[in-house]
Amino acid sequence: MGRSIYAFILLALGAAPAWAQIATPSARAVSSPGDENVARIVGYSFMRDDGMKFLETLTDTIGGRITGSPESRATAELILANLKEAGFANAHFEEYELSSTWRHGAAAGEVIGPVRRALYIGSYGWVPGTPGPIEVPVVDFGPPGEEHSGAFGRVKGAAVIVDLRSNGSSTGYVGSRAVLAQQLGKAGAAAMFIVSDKPDRMVYTSAFGFYPRAPLPVISIASEDAAFLRRLLAKGPVEVRLDVQNTFGGRGSERNVVADVEGSDPSEVVLVCAHFDAWDPAQGANDNGAGVAVILEAARIFKLLGIQPKHTIRFVFFSGEEQLSNGSRAYIERHKAELDNTRAVFNIDSGAHPPLGFQIHGRKDNEAESKILLKPLAPLGADGVFLDADFDSDQETFIVAGVPIYSLKVEPQDYDVRHHTIVDTYERVDARMVKLETAIMAVAAYSFANAEHRPGRRLSPPEVQELLKRTGLEPLYKLEYADENQP
């Protein structure tokens, strides 16, 4: 029955030939209760539309969801209401404090000399606004590097153009961005222009490395507009007018949403998580509304089918990921006594795109067992195990805590184009991929919760430090955890 359901689903979706050629695990008989439940989970994942219905409500009714905002609070309430309606009597909020709150104001810019021309700009998150409209010269700092060490003497009072394009390596990019902002702030720069790596004059929004407060206004400028400024600078001085109206509040509060499918042996837990906060130029549909829809639908399917795993599966919806993984950090602090009994954490924050498998973030010790436990995902093309390590989402918190962490890895397609821009909207999300990822996250959690053995153990603090060094994450760790007790 399991084989026939898999085959039917793939044919019904018109899936890519590569998926259709993936063999079902040959030694797996589907007469056992575990395999039968896997088949049922997959079937329900593809035959229901509730995930996309939730996503439409989330994006069209609430829209952007900045951490600490009324929209974020409304999202947490929406998720909780859906969980309660699905039968999760144990669904609840877990509150935590924010060091600062921030509101996204209007941002306008124009060249006022030697010509007049509007600029396409957008503010980064958790950065201050300008002190009203300001008129300042433009300085081209260029790419960061030692050869620019003497350039800080000419940036005082200027809007400084900096090339900091991520080129797909966002972990190192975030660290460079934060350090350079600190240096320019100390040198007295009026604003930092980061050249957007988006096409078609789109600009970018982010806060990683700037929370709880950046030292100066940090502004995304369209690549085409930065090129225009540089052509003008090649001929003489350039002056711009900037008006960025961001505001900071004091300390605030946020909440995660948590619900358990209780196991017959609840002594151990498998986490399935996604973050629900999002930027507000658009709807936060792919980042990470789609991920929230996936794990909410996975949770509902367990309830609909009445499936009880051996160990508890916990669904956690984090807020505050876009700032400093605030929600997952709060979870770790609140549940620190349970971490030794956490079998694995599955995080989805990669968009609704064709899945490949899971990143295990350098945990070579978990690789062999992970391949065995992920075999049920082979018919869906998602049994790959990748050692890639990054701090690009809430996985960073669990890496630092030493807990085995699995991040869904996908074909990126146009993810980076839409990421944190005005085109991250509902109609661009592939409904088939939301259904496929629902099946994958649910089956992965079920497989790990029922497994006789864990994929691996929790690392000790010295072992975490060794892992961070080996994977190249130590510099970013030191930057992001500078004010906390290091493991």
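Scroll up to find the structure this text is about.
As a starting point, this report considers the structure included with it. As the structure is a computational prediction, the values presented were derived from the model and not from experiment. (Residues numbered from 1 in each chain as written. Predicted model: local features only at pLDDT ≥ 70, side-chain atom pairs only at ≥ 80, totals over all residues. Heavy atoms only, no water.)

1. Overview of the sheet that holds strand S4 (residues 117-119)
Worth spelling out the cut-off: Paired strands, as defined in this entry, are two strands with at least two bridges between them according to DSSP. A run of H or I in DSSP counts as a helix once it spans at least four residues, and a run of E counts as a strand once it spans at least two, with each numbered from the N terminus. Here the axes come from fitting lines to C-alpha atoms, over the contacting stretch only for helices, and the angles between their N-to-C directions go from 0 to 180 degrees.
Sheet architecture is open: 8 strands sit in the order S4-S3-S10-S6-S7-S8-S9-S5, paired in mixed fashion. Of all the strands in the sheet, the pair left with one neighbour each is S4 and strand S5 (121-123). With direction set aside, neighbouring strand axes in the sheet form an average angle of 35 degrees. One ladder, built from 3 bridges, connects S5 with strand S9 (residues 218-221); its direction is antiparallel. Its bridge partner lying in S9, Ser123 is registered against Ile219.

2. Quick word on the packing of aromatic side chains
As a reminder of what qualifies: The pairing test for Phe, Tyr and Trp rings, Trp by its six-membered ring, is centres within 6.5 Å, and the orientation test on the planes gives stacked under 30 degrees, edge-to-face over 60, and tilted for anything in between. Classification of residues uses two cut-offs on accessible area relative to the type maximum, computed with a 1.4 Å probe and protein chains only: under 20% is buried, over 50% is exposed, and between them is partly exposed. Definition used: whenever NZ (Lys) or CZ (Arg) falls within 6 Å of the ring centre and also within 35 degrees of the ring normal, the charge is taken to sit over that ring.
What the rule picks out here adds up to 16 aromatic pairs. Judged by centre distance (6.1 Å) and plane angle (55 degrees), the rings of Phe302 and Phe315 are tilted. With Phe302 in helix H8 (residues 285-305) and Phe315 in strand S14 (residues 312-318), this pair connects stretches of sequence that are 13 residues apart. Across this residue pair, the class does not change: Phe302 and Phe315 are buried. Judged by centre distance (5.0 Å) and plane angle (25 degrees), the rings of Phe346 and Tyr406 are stacked. Here Phe346, found in strand S15 (residues 342-347), pairs with Tyr406, found in strand S18 (residues 405-410); they are 60 residues apart in sequence, far enough to count as distant. By relative accessible area, which is 0% here, Phe346 ends up buried. Each member of the aromatic cluster is reached from another via a ring pair, and the members are Trp102, Trp126, Tyr211 and Trp279. Above the face of the Phe248 ring, Arg213 is positioned so that its terminal group lies 4.2 Å from the ring centre. Positioned over the ring face of Phe93 is Arg255, at 3.9 Å from the centre of the ring.

3. Quick look at the pattern of salt bridges
To keep things clear, this is the line we draw: One speaks of a salt bridge when a side-chain nitrogen belonging to Lys or Arg is within 4 Å of a carboxyl oxygen belonging to Asp or Glu.
This structure, assessed with the given rule, holds 28 salt bridges. Between Arg48 and Glu297 there is a salt bridge, and its shortest N-O distance comes to 2.5 Å. Here Glu297 lies in helix H8 and Arg48 lies in the loop between helix H3 (33-47) and helix H4 (50-62), a separation of 249 residues in the sequence. Each member of the pair, Arg48 as well as Glu297, is classed as buried. Here Arg457 makes a salt bridge to Glu463, at a shortest N to O gap of 2.4 Å.

4. As for the environment of Arg213
As a reminder of what qualifies: Whether two residues touch is decided by their heavy atoms; if any such pair falls within 4.5 Å, the residues are in contact.
Tracing the backbone shows Arg213 in the loop between strand S8 (191-195) and S9. Exposure remark for Arg213: the relative accessible area of 51% places this residue in the exposed category. Separated by 85 residues in sequence, Arg213 and Pro128 place their C-alpha atoms 7.4 Å apart. Excluding its chain neighbours within four sequence positions, the residues that come into contact with Arg213 are Trp126, Pro128 and Phe248.

5. As for the side chain of Ser45
This is how it is decided: Polar contacts, as counted here, are pairs of nitrogen or oxygen atoms within 3.5 Å of one another; within protein the pair requires one atom able to donate a hydrogen and one able to accept it, and residues that are adjacent in sequence qualify only if both atoms are side-chain atoms.
Position of Ser45 among the secondary structure elements: in helix H3. A distance of 2.8 Å separates a polar atom in the side chain of Ser45 from the backbone oxygen of Ile41. Residues contacting Ser45, with those up to four places away along its chain left out, are Ile301, Lys435, Thr438 and Ala439.

6. Overview of empty space enclosed by the protein
To be explicit about the condition: With a 1 Å grid spanning the protein atoms alone, the term cavity applies to any set of points in which a 1.4 Å probe fits but cannot get out, the term pocket to an open set with protein on both sides within 12 Å along at least five of seven lines, and the term lining residue to any residue with an atom within 4 Å of a point. Grid points are joined across faces, edges and corners, and a volume is the space filled by probe spheres set on the points.
A complete count under the given rule lists 3 cavities of 30 Å³ or more for this structure. In this structure, the second largest cavity encloses a volume near 60 Å³. Contributing to the lining of the second largest cavity are Ser45, Arg48, Asp49, Asp50, Gly51, Met52, Glu297, Val434, Lys435 and Thr438. Of all the secondary-structure elements, those providing two or more residues to the lining of the second largest cavity are H4 and helix H14 (431-450).

7. Quick word on the packing of H8 against H14
What counts is decided by this rule: Just so you know how the angles are binned, under 35 degrees is roughly parallel, over 145 roughly antiparallel, 65 to 115 roughly perpendicular, and the rest oblique. Here a crossing is called left-handed whenever its near helix is offset anticlockwise from the far helix by less than a right angle, and right-handed whenever the offset is clockwise. When residue character is reported, Ala, Val, Leu, Ile, Met, Phe, Trp, Tyr, Cys and Pro are called nonpolar, Asp, Glu, Lys and Arg charged, and the others, Gly included, polar.
Where H8 contacts H14, the two axes come as close as 8 Å, and the packing angle between them is 55 degrees. As far as their axial angle goes, H14 and H8 are oblique. Taken as a pair, H8 and H14 cross one another with a handedness that is right-handed. Between H8, through Ala290, Val294, Glu297, Ala298, Ile301 and Phe302, and H14, the contact on the second element is made entirely by Val434, Glu437, Thr438, Met441, Ala442 and Tyr446. Across the contact of H8 with H14, the residue classes break down as 9 nonpolar, 1 polar and 2 charged.

8. Topic: unusual backbone geometry
The general pattern is negative phi for most residues beyond glycine and trans for most peptide bonds. Residue Pro114 is reached from Gly113 by a cis peptide bond, and omega for that bond is 10 degrees. Its place among the elements puts Pro114 in the loop between strand S3 (107-113) and S4. In this structure, the amide linkage connecting Asp287 to the following residue, Asn288, adopts the cis form with an omega of 0 degrees. Locating Asn288 in the fold gives a position in helix H8.

9. So, the nonpolar core
Quick note on the threshold: Grouping buried Ala, Val, Leu, Ile, Met, Phe, Trp, Tyr and Cys residues that are joined through side-chain atoms within 4.5 Å yields what is termed a nonpolar core.
In this structure, Leu83, Phe302, Phe315, Phe317, Phe346, Phe358 and Leu377 are the most contacted members of the largest nonpolar core, which totals 69 residues. Looking at this core, the element that brings in the most residues is H14, giving 13 residues. With sequence-adjacent residues up to four places away left out, Phe346 is seen in contact with Val270, Leu271, Val272, Cys273, Phe358, Leu374, Tyr406, Met441, Ala444, Ala445 and Phe448. Within the second largest apolar cluster, 49 residues are counted, among which are Val127, Met192, Ile194 and Ile405.

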